[in-house]
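Residue-level structure breakdown
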Amino acid sequence: MHFRLQSRLIEELLPGRPLENPRHPKRARVLPPKVGKHPGSEFWRPDLDASVPSPALYLQCGPGSSRASTPVMEWPGTSGASTPVMERPGLSGASTPVMERPGPSGASTSATERPGTSGASTSATERPGTSGASTSATERRVIPSSSRPPRPLREDEIIALLNYGSEEDSEGEDEEILQPSLVPRATRMWLDEEDEEVEEEAERLNINLEWPRPPQPLRPSASAPVDVSPTSTLDPIYKFKFEWRNISMPQIEPHLRRELFSEIIGPSVSFATPYDAFIAIWDREIMQVIVTETNIYAQQLATAMLASGTIGPHSRITRWQDTNVDELYTYFAIVLAMGVVVKSCLEDYWHTARDIFYTPGFAADMSYDRFQLLSKCLHFNNNEYCDITMLTRRQAKLYKIQPIVDHLNTKFSELYNLSRNLAVDESLTMWKGWLDINQFIPNKAATIGIKTYEVCESRSGYLWRFEVHAGHDISTSQDDPISGTVPALVLRLLSGLEHKGHTIWMDNFYNSPALARELKTRGFDCVGTLRTNRQFVPYELTSLTKKDMTVGQVTGCTSGDVDLLVWKDKNRVAFISTYHGLASVRFEERLKPTVACDYNVCMGGVDRKDQQLAMYPIERRRTRVWYKKLFRRLLNASVLNSHILHQDHSFSHRNFRTVLITQLLTRHRKRPPPSTQLTPTQVHCPAQYDLIKSGKSDRLRQACIVCSKWTNSYCRACNQAMCTYSCYGIHHATN
């Protein structure tokens, strides 16, 4: 079905407002306007707001003006007949009063007359040399106003302003004038209105309400469970039948078309300390799994080295001792500390020279050889259980890291309730070695590496779910428009969020009209950029190139629940939305579509997470094993999620990490075993000082604490020199 596409300039669009507010809005410096005294007004008051309409703001003076006397504006508290104060010189007929000033006795006083005036005596101030002849005049400003062009006053506004402060009682009920009450729009929604007035308003606005309504999402009820599978919503024959047409004016407000969102956002459990938030993600269950697999892999590695003859007498693996949960938490703390204290070489952390680069804390908590041995043997899945014949190609590539991916996806989604706006985008972990799943994305900071598809909260960057790219499984159903690789990926990432009113922000790699409608039927809203060569995009937009458009030109179409918009600024860009429509907003002295402003605010959730993680590069260390580097990246992201879960604004991101590292080391640091030997502070007993030279009988001698004689004996507990037979008993008896 073809239609004639209508194009408009962006200046012709109805003014709108963005629905999303940036977290850190740009603050422009605004200077106060300069207000000068009006040269012809004696009673000009600087405290009057220039933006408030005034009855004397625009008075038509001239041949077309009325000869009748115009009502005046009285100062509050005046009574009696009004006396004009200022008159436009050169007008014949009745004077045009403008403003009154109360006198001391209640009557209005008039301004003084200037010499040289002719004609009838008037009470207004006239310029010298003026006569009563009529002269052409235009609008006159009595009170300075803003520089924007004025809006003509409506009749009800003029009546309300001219009668401001007047408390005259009317003699009859027929003469009563009802002033329009200023009721807020939110309150007017609940007031009763007559049906005739509503119908007349709809006919005046020419609102067409007969176009097909968007498909309503299924609302889950407590009585009967709702199946949210694609086959239970709409028949595929009618679900993807798009009837495109021009967007009619006026439009339905975007907030009325948007899905309702009333979820409780934030952490599902409160945490008192950073340690509690981190332990909620990395609990003892998953840590015990890592400990078990690490110990098994260390034995497998030693056996393989013995079989191949590569093990030597001084190899680190010969000194292997099974690790435990406390030591693994200490290992995590040291890895996180390397992101806060960044050094170029791993050996520098265990540098023993007492110079400015000395960091003794690393060596005090774990030796360098033990840290290297744990890094080498760290493992997450048993290699002996890997059966290639039972796994797909994608599952086989991610077999060694899959337990960590599954655990973190479960914990991230259980511990946090997302807000309304979610961003779906890809992130990149740098890996420059050869790898079959490596991806090249030039607009990312890492450029090349391991790609993960992620769902992040737009405002905070909280990572809610992710999926590692390792190729795509071949889909069995090719007839369904959403059975493709990308739509199936998006639906997997958003599984569990159906019918909650979330808005999904995606770029043109993911978006399509079929996916937008599928998300709408599942209770989502969908906004983002669009590639016009996608399926179901009308030919009128597909064939539109940037050479066919001028700068600022906007065109679009709708199918009821999905809107398509093409706008040319510096280049041609296409948008898809389920609720925005056509509207413009001024942003930094430029007009933009509202969908473009909201997209710039909400699309950066994944990039915001990557920016916060870039300050603490714990995955920066070189390694030969790609999944261990990916594990460090996930460990880094889990710390950021813990910071968001903590919800304590007194902790900055850096302070949170330092406190977390300190608490991990305090609670899981390896404590020295208690000594079984008696120390000198436990038992009082006499002893002799050491020999001065080996093989000689001479010993060190000191003065006795009792008799001051030189002696070579002392008390171990007191650590004081004293004679063994004469003074030892006396000293302990008295003390």
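This section reports on the structure supplied with the text. What you are looking at is a predicted structure, and each value in this text was computed from that prediction instead of being measured.

Calculation notes
- Residues numbered from 1 in each chain as written.
- Predicted model: local features only at pLDDT ≥ 70, side-chain atom pairs only at ≥ 80, totals over all residues.
- Heavy atoms only, no water.
- Axes fitted to C-alpha atoms, helices over the stretch in contact; angles between N-to-C directions.
- Helix = DSSP H or I, 4+ residues; strand = E, 2+ residues; numbered from the N terminus.
- Parallel < 35°, antiparallel > 145°, perpendicular 65-115°, else oblique.
- Left-handed = near helix turned anticlockwise from the far one by under 90°.
- Contact = heavy atoms within 4.5 Å.
- Nonpolar A, V, L, I, M, F, W, Y, C, P; charged D, E, K, R; others polar.
- 1 Å grid on protein atoms, 1.4 Å probe; cavity = no way out; pocket = protein on both sides within 12 Å on 5 of 7 lines; lining within 4 Å.
- Points joined across faces, edges and corners; volume = space filled by probe spheres on them.
- Expected span 1.5 Å × (residues − 1).
- Buried < 20%, exposed > 50% of the residue type's maximum accessible area, 1.4 Å probe, protein only.
- Salt bridge = Lys/Arg side-chain N within 4 Å of Asp/Glu carboxyl O.
- Core = buried A, V, L, I, M, F, W, Y, C linked by side-chain atoms within 4.5 Å.
- Phe/Tyr/Trp six-rings, centres within 6.5 Å; stacked < 30°, edge-to-face > 60°.

What about the packing of helix α8 (residues 325-340) against helix α19 (residues 653-668)?
The axes of two packed helices give the description: the angle between them and the distance between them. Contact geometry for α8 and α19: axes closest at 9 Å, N-to-C directions at 155°. Taken as axis vectors, α8 and α19 run roughly antiparallel relative to one another. The two elements α8 and α19 meet at a crossing, and its hand is left-handed. In this structure, α8 contributes D326, Y329, T330, A333, L336, A337 and V340 to the contact, and α19 contributes R654, R657, T658, L660, I661, L664, L665 and H668. Residue composition of the contact of α8 with α19, by class: nine nonpolar, three polar and three charged.

Some thoughts on the layout of surface pockets
Considered as a void within the structure, the second largest pocket measures approximately 900 Å³ in volume. Residue lining of the second largest pocket: 34 residues in total, with M430, P617, E619, R620 and K629 positioned closest to the centre. Elements that contribute at least two residues to the lining of the second largest pocket include exactly α8, β5 (421-430), α17 (605-613) and α18 (626-646). Broken down by class, the residue content of the lining of the second largest pocket amounts to 14 nonpolar, seven polar and 13 charged.

As for helix α7 (residues 284-308)
Compared with an ideal rise of 1.5 Å per residue, which puts 25 residues at 36 Å, α7 spans 36 Å between its outermost C-alpha atoms and is within 8% of the ideal. Turning to α7, its buried residues number three or more, namely I286, M287, I290, V291, E293, T294, N295, A298, L301, A302 and M305. Elements that come into contact with the buried residues of α7 comprise α6 (274-281), α8, α10 (368-377) and α12 (402-414). One or two residues past the end of α7 sits G309, with phi positive at roughly 75°.

Some details on the pattern of salt bridges
Side chains that differ in sign of charge can pair as their charged atoms come close. Inspection of every chain in the model, using the stated rule, returns 23 salt bridges. Between E259 and K520 there is a salt bridge whose closest N-O contact spans 3.4 Å. Placement of the pair is E259 in the loop between α5 (254-257) and β3 (266-267) and K520 in helix α14 (residues 513-521), with a sequence separation of 261 residues. Both residues of the pair, E259 and K520, belong to the buried class. When the shortest N-O distance is used, the salt bridge between R370 and E327 registers 2.7 Å. Of this pair, R370 sits in helix α10 while E327 is found in helix α8, placing the two residues 43 residues apart along the sequence. Summarising the burial analysis for this pair, R370 and E327 share the class buried.

Quick look at the nonpolar core
In this structure, W282, I401, I404 and W626 are the most contacted members of the largest nonpolar core, which totals 118 residues. The contact partners of W626, leaving out residues within four places of it in the chain, are K397, L398, I401, W431, L435, I437 and I450. Ranked by size, the runner-up nonpolar core spans 16 residues in total, among them L13, V527, W567 and V595.

Side note on the packing of aromatic side chains
Counted under the stated rule, the structure contains 20 aromatic pairs. The interplanar angle of 5° and the centroid separation of 5.3 Å between the aromatic rings of F242 and W244 together place this pair among those described as stacked. The pair formed by F242 and W244 is uniform in burial state, with each residue classed as buried. Counting every residue linked through ring pairs, the aromatic cluster contains W282, Y331, F332, Y349, W350, F362, Y368, F371, F380, W626, Y627 and F631.

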